[in-house]
Number of protein chains: 2
Amino acid sequence: MPYRPTLEFLLYDWLHVEQLSGRPHFADHSRETFDAVLDTCERIAREKYAPFNRTVDIEEPRFDGEKVILPKATHEAHDAYAASGMLSAAQDYDIGGMQLPYTVEAAANSFFAMASVSIGSGMLTVGNANLLLEHGTELQRKVFALNEFSGRWSGTMALSEPQAGSSLSDVATRAVPDGDDFESDALGPRYRLTGNKMWISAGEHELAENIVHLVLAKIPGPDGRLIPGTKGISLFIVPKWLVEVESPHPGPLPGGEGENGSVPVTVTLGARNDVALAGLNHKLGWRGTTNTLLNFGEGRYPVRGGAGAIGYLVGRPHEGLHCMFHMMNEARIGVGTAAVMLGMAGYEASLDYARNRPQGRPVGPAGKDPSQPQVRIIEHADVKRMLLAQKSLCEGGLALELYCARLVDEQHTGNAQEADDARLLLEVLTPIAKSWPSEWCLEANSLAIQVHGGYGYTRDFPVEQYWRDNRLNMIHEGTHGIQAADLLGRKVLMEGGKGLDLLAQRMQATIARAQHHPSLAEQAHALGEALQQVQAATRAAWSTANPGEALANAVPYMQAFGHAVVAWLWLDVAAAVLVAGQDDPASQGRLYAARYFYRYELPKIGAWLQVAASRDPTCAQMPEAAF
Amino acid sequence: MPYRPTLEFLLYDWLHVEQLSGRPHFADHSRETFDAVLDTCERIAREKYAPFNRTVDIEEPRFDGEKVILPKATHEAHDAYAASGMLSAAQDYDIGGMQLPYTVEAAANSFFAMASVSIGSGMLTVGNANLLLEHGTELQRKVFALNEFSGRWSGTMALSEPQAGSSLSDVATRAVPDGDDFESDALGPRYRLTGNKMWISAGEHELAENIVHLVLAKIPGPDGRLIPGTKGISLFIVPKWLVEVESPHPGPLPGGEGENGSVPVTVTLGARNDVALAGLNHKLGWRGTTNTLLNFGEGRYPVRGGAGAIGYLVGRPHEGLHCMFHMMNEARIGVGTAAVMLGMAGYEASLDYARNRPQGRPVGPAGKDPSQPQVRIIEHADVKRMLLAQKSLCEGGLALELYCARLVDEQHTGNAQEADDARLLLEVLTPIAKSWPSEWCLEANSLAIQVHGGYGYTRDFPVEQYWRDNRLNMIHEGTHGIQAADLLGRKVLMEGGKGLDLLAQRMQATIARAQHHPSLAEQAHALGEALQQVQAATRAAWSTANPGEALANAVPYMQAFGHAVVAWLWLDVAAAVLVAGQDDPASQGRLYAARYFYRYELPKIGAWLQVAASRDPTCAQMPEAAF
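Not measured: the values here are computed from a predicted model. (Residues numbered from 1 in each chain as written. Chains lettered and ligands numbered in written order. Predicted model: local features only at pLDDT ≥ 70, side-chain atom pairs only at ≥ 80, totals over all residues. Heavy atoms only, no water.)

This part covers the overall build of chain A. Along the backbone of chain A there are 19 helices and 12 strands. Taken against the 2.2 N^0.38 rule, which gives 25 Å for 627 residues, the C-alpha radius of gyration of chain A at 25 Å falls within 12% of a compact globule. For the C-alpha atoms alone, the extent of chain A along its principal axes is close to 85 × 60 × 55 Å. Looking at chain A as a whole, 63% of its 627 residues are labelled buried. Within chain A, counting contacts between residues at least 6 apart in sequence, those at least 24 apart form 76% of the total. (Helix = DSSP H or I, 4+ residues; strand = E, 2+ residues; numbered from the N terminus. Rg over C-alpha atoms; globule rule 2.2 N^0.38 Å. Buried < 20%, exposed > 50% of the residue type's maximum accessible area, 1.4 Å probe, protein only. Contact = heavy atoms within 4.5 Å.)

As structure tokens, this is what we get:
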């Protein structure tokens, strides 16, 4: 089954996304407008992305001393994507957006991730601009966010440093006020930044006229020292090229909150800011996206006679991490979706291969006659197992990401109670949305290789690249370990455990609905048991109130939690299949994929939860000298 | 803990390999001679292999139209290895060997797999020559096997064809008698071969003076048609360069079995045989080893005025597959060991990284003060978990491979009963020795990447390459699916289930020994349960005597079987630790690794066995149209 019908089933028959057009914000929309967006994105992905996926893997970004060189195909894909308007798809009409539900935007973007994940579709640019809409001043929005939404400029998030990856409290980039008048700049309080940033995706390239870096840095205290910990972190806009802003009116430039909001501004590019490429990271996969080490204020591009790169404060001093988390959560759902779509690409490729490759004969008497022709490998039970596993893992992962996207819409346009519930559920589900597909859709990619046999490990077939590309997803935007500590150490505890309770209520509602269908009774029962196990393990892990004990097995806990969540969504999907009609092959396939998940995957949670619930100390107590 | 002490513990304190020198065949040996061999190999691996592991990944084999070009380092490593005498380490003195136990040979070769798996250490050459020792004529041995053992020539196994990978019965390479006098050639009945062979490792290169291809082909019947199925397959020696053999005595050349065995022969290279390189496979990993598509008899190198490549029959017609299996079993243990050593390399690399990389602070109150310096990541429980998992998986895998190697020695030099038991145990364990490390030491490599964080996916660190290299091991020399069908479809059933019974007896003996140690009682109990589960699942899978039902879940069955086997070996190792003394850090580490396996890994078997025992039909029944 190709991807599009699967996506449409989940959007319309399961999540009923077209009902969103009943809300005032989406009143101009309908299934027709949603489908038109999907059509457009599917077409651009097919024409401008998919044919060049291997190209961007082979022709890695390189630095010629002045510029980063990317394949021509990447420029063309970027231009086509920007021209589609997708960068501002979810934005309001009054800033040039389509006012599209986030769910539909995410669904449409999935085509690009499937076609060529590392050419990319502007996830960071959109996240960057969204952050500025939320936390920036009027002028910061106009100058930076709007030029990002239009595709004229692109954006980065510059958090990590060589010594501060997972540990953001150790950020050492320094921001000092730029002159006595630093607070009077129309673009925001002006600082000079010095420091090194690592792992910055799309940190340098020629795809756009300018690059808007959102940079975490610390403002020294009165004693000249940086404040330790995350509390000392502030957020800055550091453009690659400085900007000159002109207002058509004489007098002071517009800038203050809500003031002169409708005054148009003219932006031109000025001098080069002191942001210098220090190196490109050469990666295992995801090679089409430039990954950079950037030096801020090293002096390569001295600017306005002072030392340091010029940056403009966003929000208030020392509240940078709070602002940045707004962007990180979106990025985490984006990474999860990318992982799912790489899995889906491998599934389609291996399904196609299995349908066409003759090899071997059936097990048993029917296969004993070697004078009979070979059968296609899709007829072997073990190959079917590997295909069904991929389908179950990837479509389950897709359901998870779309469900989270739907919660984002609920948070923005639901009533107060629904919005708050959605917020809380998103808190609990975001670590799963990020981590689960990065592990299991990677496993799906490994199965896609396996289905191809020896051809799978040659570079003549696409599946080995999907597997390599997908391996980054368990690391970037917060490792598995970080997600697990967030889930068990924070999310299931916050607000008195209300998030987990809310999730349990949703699961129970699905169980109740599924029990109407005799064919789902076994699965409904299994989900109920799994939920109880997860809840019991959560309590047991924290029963000594000792974070060291509780969190020592946070990753196995998260693995089990993720499997329980996906099992829940599969049951919910299966119930929707039974409502929509179950006799066509696609419906049958969904029911088989759900059953596969319950029979082959869900039973794995016992082993994971056991160590979490018993606070197994084996790993934590292992003496270093004994390794 | 570096690798060498781990290896020595398993060899001497666990397997007591030095006791083999009590047997006549190994009488000249002692722990000193064994250690000397290990020293030599460790040194060559350190000097000639390890520094060039990335080189052979980057400088892939290429064909300039005449020759395959390999890096200089590969030639130097190959020469150093051949000069060490390791190619004939296990051979008898009278053919120039060291008469070393296979266990010690395998242990010594492990250093090369760890240092650079794809430079390789002649596994196929040795396997090829061993096959000829077993099945070749006296002259075939002298001419081909001895020149392989000396390192002057190298060997391949040419089984697969583009349309016949896992399904060898579909081999279509054709062998017809070469003239009326075809049976009078001193080198063996002479045939002309035409056909295409795929996935031939080291199929073309300039590392050795000649390449001895062992080729599966079919001799047509009287009607000119090939016999369908594996029964029609015969085995041929097809040298890249034809050989001229001279005896110092006039008269007929020596050739018949046992006849003129001591007459020395002089071998010179003659014309190029019609074996042509049709293409190189460009792979995901393991790139240092040339992987070829070879055309036999396409006419590029016409030879002696006839069509077809010249080949000499080995053994009797139509019994080729039987001969070849002799080589395939050795190759499967070799692949398993390679997978283990890649895992071990990743473990050492990530352990080193974790010991030196500062990042983050402890969980709980102690970590709340950001003005304190960061701790090394080995102090985090989750990093310890990932390191201990690697240790447990890789050292468990090493124990498995060494145990199998020790069985090979038992089969060759034990008394009749011991030898037969060893043969039967090897039948059952070979699919596990091949498959288990290829899955779980690959998982270990993924954890090694994860420990490195973002650095893990850059090509500045070695772990991403280990992961890529290891991905081939689940495919080449028989896929997971093939191994699983072999295990559940043949090995646990053969000779009335005697192999599985024997394995159960060995496990019970370990359980009985472990029960003397209170600290191992929990593990002994768990192993007993696991064994019962595996036995019950075996019976249940076959309870309907329907291969289609029994084998539909052969891979999950094999996963569980493998985990039970490795749990058994860990318990056996732990018991040996307690006997040898347990207070030093290395001993503690082994006990922790064993405990890790029992707490975190063994409980996974329930989920796998459940589908095997219930003959779950979900995958087999999935309609093709529903995918």
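In this section: the interface of chain A and chain B. Between chain A and chain B, the residue contacts involve 95 residues of the former and 95 residues of the latter. Together chain A and chain B conceal approximately 8200 Å² of surface at their shared face, both sides included; 60% is due to carbon and sulfur atoms. Residues Asp 616 of chain A and Arg 599 of chain B are paired through a salt bridge, measuring 2.7 Å at the closest nitrogen-oxygen approach. Inspection of the region where chain A meets chain B yields 48 residue pairs in polar contact (both at pLDDT 80 or more). Class assignment of the residues belonging to the side of chain A that touches chain B gives a composition of 44 nonpolar, 30 polar and 21 charged. (Buried area = accessible area lost by both parts, 1.4 Å probe. Salt bridge = Lys/Arg side-chain N within 4 Å of Asp/Glu carboxyl O. Polar contact = N/O pair within 3.5 Å; in protein donor to acceptor, adjacent residues only side chain to side chain. Nonpolar A, V, L, I, M, F, W, Y, C, P; charged D, E, K, R; others polar.)

This part takes up unusual backbone geometry. Residue and element names in this part refer to chain B. For His 16, which is not glycine, the phi dihedral falls at a positive 50°. Tracing the backbone through its elements, the reader meets His 16 in the loop between α1 (3-14) and α2 (31-49). The phi dihedral of Arg 304 is positive, around 50°, even though this residue is not glycine. Tracing the backbone shows Arg 304 in the loop between β11 (291-296) and β12 (309-314).

Residues and elements named next belong to chain A. Its 36 residues place the ends of helix α10 (residues 416-451) 49 Å apart at the C-alpha level, agreeing with the 52 Å of an ideal helix rising 1.5 Å per residue. The sharpest bend along α10 measures roughly 40° and falls at Leu 429, with the proline Pro 431 sitting one to four residues further on. With 29 of its 36 residues buried, α10 lies for the most part within the structure. Its side-chain oxygen at 3.1 Å from the backbone nitrogen of Gln 417, Asn 415 defines the N-terminal cap of α10. The positive-phi residue at the C-terminal boundary of α10 is Gly 453, with phi of around 55°. (Expected span 1.5 Å × (residues − 1). Bend = angle between axes of the 7 residues up to and from the residue.)

So, about the pairing of β11 of chain B. Each regular strand carries side chains that alternate between the two faces of the sheet. All names here are of chain B. Of all six residues that make up β11, five are buried, and the element is covered over most of its length. Relative to β11, strand β5 (residues 190-201) runs antiparallel, the two being bridged by five bridges. Bridging from a neighbouring strand, Asn 196 pairs with Asn 295 of β11. Where strand β10 (residues 275-280) lies against β11, five bridges are found, and the strand directions are antiparallel. (Pairing = 2+ DSSP bridges.)

The next point concerns the relation of the copies chain A and chain B. Each copy superposes on the other: chain A lies on chain B with an RMSD of 0.0 Å after a rotation of 180° and an axial shift of 0.0 Å. Taken together, the rotation angle and the small translation identify this as a two-fold axis. Minimal C-alpha separation from the rotation axis in chain A is found for Lys 604 of chain A, amounting to 3.2 Å. Comparing interface residues between copies, 100% of those in chain A also lie at the interface in chain B; the contact surface is shared. (Least-squares fit on C-alpha atoms with pLDDT ≥ 70 in both.)

Applying the stated criterion to the full structure yields 37 aromatic pairs over all chains. Residues Tyr 191 of chain A and Phe 236 of chain A carry aromatic rings whose centres are separated by 5.1 Å and whose planes lie at 65° to one another, so their mutual orientation is edge-to-face. Placement of the pair is Tyr 191 of chain A in strand β5 (residues 190-201) and Phe 236 of chain A in strand β7 (residues 233-239), with a sequence separation of 45 residues. Grouping residues by exposure puts Tyr 191 of chain A and Phe 236 of chain A together as buried. Ring-pair connections join several aromatic residues into one group, and the members of that group are Trp 199 of chain A together with Tyr 353, Tyr 455, Tyr 457 and Phe 461 of chain B. The ring of Trp 241 of chain A has Arg 272 of chain A lying over it, and the distance from NZ or CZ to the ring centre is 5.5 Å. (Phe/Tyr/Trp six-rings, centres within 6.5 Å; stacked < 30°, edge-to-face > 60°. Lys NZ or Arg CZ within 6 Å of the ring centre and 35° of its normal.)

This part takes up the packing of helix α9 (residues 381-413) of chain A against helix α16 (residues 554-580) of chain A. In helix packing, the relevant descriptors are the interaxial angle and the interaxial distance, both defined with respect to the helix axes. Residue and element names in this part refer to chain A. The N-to-C vectors of α9 and α16 enclose an angle of 90°; their axes lie 9 Å apart at closest approach. Between α9 and α16, the crossing angle belongs to the class labelled roughly perpendicular. Of α16, the residues touching α9 (which contributes Lys 391, Ser 392, Glu 395, Gly 396, Ala 399, Leu 400 and Tyr 403) are Val 565, Val 566, Trp 568, Leu 569, Trp 570 and Val 573. For the contact of α9 with α16, the residue count by class is nine nonpolar, two polar and two charged. (Axes fitted to C-alpha atoms, helices over the stretch in contact; angles between N-to-C directions. Parallel < 35°, antiparallel > 145°, perpendicular 65-115°, else oblique.)

It is worth spelling out empty space enclosed by the protein at this point. Residues and elements named next belong to chain B. Enumeration according to the criterion identifies seven cavities of 30 Å³ or more in this entry. Taken as a whole, the largest cavity holds about 70 Å³ of empty space. As for the largest cavity, its lining consists of Thr 6, Phe 9, Leu 10, Glu 395, Gly 396, Ala 399, Val 566, Leu 569, Trp 570, Val 573 and Arg 590. Of all elements in the fold, only α1, α9 (381-413) and α16 (554-580) reach the threshold of two or more residues within the lining of the largest cavity. Each residue belonging to the lining of the largest cavity can be placed in one class, and the counts come to seven nonpolar, two polar and two charged. Here the second largest cavity defines a volume of roughly 50 Å³. For the lining of the second largest cavity, the per-class residue count stands at two nonpolar, five polar and three charged. (1 Å grid on protein atoms, 1.4 Å probe; cavity = no way out; pocket = protein on both sides within 12 Å on 5 of 7 lines; lining within 4 Å. Points joined across faces, edges and corners; volume = space filled by probe spheres on them.)

Another point: the UniProt feature "domain: Acyl-CoA dehydrogenase/oxidase C-terminal" (unreviewed entry) in chain A. Feature annotation in UniProt assigns "domain: Acyl-CoA dehydrogenase/oxidase C-terminal" (unreviewed entry) to the following positions: residues 319-486 of chain A. Helix makes up 72% of residues 319-486 of chain A and strand 0%, whereas the separation of the span's terminal C-alpha atoms amounts to 20 Å. (UniProt positions renumbered as here; feature names shortened; annotations may be inferred.)

What follows is about the UniProt feature "domain: Acetyl-CoA dehydrogenase-like C-terminal" (unreviewed entry) in chain A. Here, UniProt's "domain: Acetyl-CoA dehydrogenase-like C-terminal" (unreviewed entry) annotation points to residues 504-623 of chain A. For residues 504-623 of chain A, helix accounts for 78% and strand for 0%, while the C-alpha atoms at its two ends are 39 Å apart.

Residues and elements named next belong to chain A. What the rule picks out here adds up to 88 salt bridges over all chains. Residues Glu 76 and Lys 72 are paired through a salt bridge, measuring 3.1 Å at the closest nitrogen-oxygen approach. Of the two residues, Glu 76 and Lys 72 both sit in helix α4 (residues 72-83), four residues apart, roughly one turn of that helix. The exposure class assigned to Glu 76 is partly exposed, which follows from its relative accessible area of 33%. Take Lys 72: its relative accessible area is 62%, and that puts it in the exposed class. We note a salt bridge from Arg 300 to Glu 298, for which the minimum N-O separation is 2.8 Å. Using a relative accessible area of 36% as the deciding quantity, one classes Arg 300 as partly exposed. Exposure remark for Glu 298: the relative accessible area of 39% places this residue in the partly exposed category. One network of salt bridges, in which partners are shared, links Arg 4, Glu 8, Arg 31, Asp 35, Asp 39 and Glu 42.

Turning next to α16 of chain A. For α16 of chain A, spanning 27 residues, the distance from its first C-alpha to its last is 39 Å, which sits close to the expected 39 Å at 1.5 Å a residue. Judged by how many residues are buried, α16 of chain A sits mostly within the fold: 25 of 27 residues are covered.

So, on to the environment of Phe 149 of chain B. All names here are of chain B. You can see Phe 149 is positioned in helix α7 (residues 138-149). Each C-alpha atom of the pair Phe 149 and Gly 336 lies 22 Å from the other, and the pair is 187 residues apart in sequence. Here Phe 149 is in contact with Leu 87, Ser 88, Gln 91, Ile 95, Val 126, Ala 129, Asn 130 and Leu 133, once residues within four sequence places are set aside.

Attention now goes to the packing of α16 of chain A against helix α17 (residues 585-601) of chain A. Residue and element names in this part refer to chain A. Contact geometry of α16 with α17 gives a least axis separation of 9 Å together with a crossing angle of 150°. Considered as vectors, α16 and α17 are oriented roughly antiparallel to each other. Seen from above, α16 lies across α17 with left-handed handedness. Each of His 563, Val 566, Ala 567, Trp 568, Trp 570, Leu 571, Ala 574, Val 577 and Leu 578 in α16 lies in contact with α17, whose residues at this interface are Ser 587, Arg 590, Leu 591, Ala 593, Ala 594, Phe 597, Tyr 598 and Glu 601. For the contact of α16 with α17, the class distribution of residues is 13 nonpolar, two polar and two charged. (Left-handed = near helix turned anticlockwise from the far one by under 90°.)

With that out of the way, let us pick up the domain arrangement of chain A. Residue and element names in this part refer to chain A. According to the domain assignment, chain A consists of domain 1 (1-121), domain 2 (153-248 + 265-318), domain 3 (319-362 + 372-478) and domain 4 (497-619). Distance between the C-alpha centres of domain 1 and domain 2: 28 Å. Contacts between domain 1 and domain 2 engage 14 residues on the former and 14 residues on the latter. Summing both sides of the interface, domain 1 and domain 2 together bury roughly 1500 Å²; the carbon and sulfur share of this comes to 62%. Remark: the boundary between domain 1 and domain 2 carries one salt bridge. Between Arg 287 and Glu 60 there is a salt bridge whose closest N-O contact spans 3.9 Å. Where domain 1 meets domain 2, there are two residue pairs in polar contact (both at pLDDT 80 or more). (Domains from an automatic or database assignment.)

Residues and elements named next belong to chain A. Among the structural elements, His 78 can be located in helix α4. The spacing of His 78 and Ala 208 is 130 residues in sequence and 8.8 Å in space, taken between C-alpha atoms. With near-sequence residues (within four places) excluded, His 78 lies in contact with Gly 151 and Leu 207.

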